[in-house]
Amino acid sequence: MARATHPDIETVKLPDVLHALADPIRLGLVRLLSDGEERAWGQLDAPIAPSTLSHHLKVLRSAGITRTRMEGNRCFVRLRTDDLNEQFPDLMATVLALAAEPDSGLRRVGLKDERD
């Protein structure tokens, strides 16, 4: 896999961030990553095919929302919380608070059982 590229936070545009967050799966992934922990892609449990998960993670990375780190043939992802707060103060806190509401329409995204 090629090295993941990330936009400089100064070049990240609000419409791109909002577009990336508009999808229920991507918003669920952001909610999962909002605890600040870095996760291996294989740990992410979403009701979609692995290739579709890869696409959603690429959209989040391209929008400047996540950072992907390669380690051998494994990929790890984390939310760029500090960068996003610098560029768009309170945006992520507001989005995450609204996404936590029961009627937010999010599809289930979680972590795979460690024993799998």
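So, here's what we can say about the structure. Since this is a predicted model, take the numbers as computed values, not measurements.

1. Describing the overall build of the chain
Consideration 1: Within the chain one finds five helices and five strands.
Consideration 2: Its helices and strands taken in sequence order, the chain reads α-α-β-β-α-β-β-α-α-β from the N to the C terminus.
Consideration 3: Within the chain, the proportion of its 116 residues that are buried is 38%.
Consideration 4: For the chain, the share of sequence-separated contacts (at least 6 apart) that also reach a separation of at least 24 residues comes to 72%.

2. Observations regarding the side chain of Arg26
Consideration 1: With respect to the element layout, Arg26 can be found in helix α2 (residues 24-33).
Consideration 2: Despite its burial, Arg26 remains without a salt bridge, the nearest opposite charge being carried by Asp23 at 4.5 Å.
Consideration 3: At 3.1 Å, the side chain of Arg26 forms a polar contact with the side chain of His56.
Consideration 4: In contact with Arg26, not counting residues within four places along its chain, are His19, Ala20, His55, His56, Val59 and Leu60.

3. Some remarks on helix α1 (residues 14-21)
Consideration 1: Buried residues of α1: Val17, Ala20 and Leu21, and no others. Projection of α1 onto a plane perpendicular to its axis shows the buried side chains occupying an angular sector of 95 degrees, all on one side. In this structure, α1 carries Pro15 and His19 as exposed residues pointing more than 90 degrees from its buried face.
Consideration 2: Where α1 is buried, its residues touch α2, α3 (50-62) and α5 (91-99).

4. Structural notes on the packing of aromatic side chains
Consideration 1: Under the criterion given, the structure shown has zero aromatic pairs.
Consideration 2: Over the face of the ring belonging to Phe76 we find Arg69, whose NZ or CZ atom lies 4.6 Å from the ring centre.

Parameters and conventions
- Residues numbered from 1 in each chain as written.
- Predicted model: local features only at pLDDT ≥ 70, side-chain atom pairs only at ≥ 80, totals over all residues.
- Heavy atoms only, no water.
- Helix = DSSP H or I, 4+ residues; strand = E, 2+ residues; numbered from the N terminus.
- Buried < 20%, exposed > 50% of the residue type's maximum accessible area, 1.4 Å probe, protein only.
- Contact = heavy atoms within 4.5 Å.
- Lys, Arg positive; Asp, Glu negative; His and termini not counted.
- Salt bridge = Lys/Arg side-chain N within 4 Å of Asp/Glu carboxyl O.
- Polar contact = N/O pair within 3.5 Å; in protein donor to acceptor, adjacent residues only side chain to side chain.
- Arc of directions from axis to C-beta.
- Phe/Tyr/Trp six-rings, centres within 6.5 Å; stacked < 30°, edge-to-face > 60°.
- Lys NZ or Arg CZ within 6 Å of the ring centre and 35° of its normal.

These figures capture arrangement, not role.
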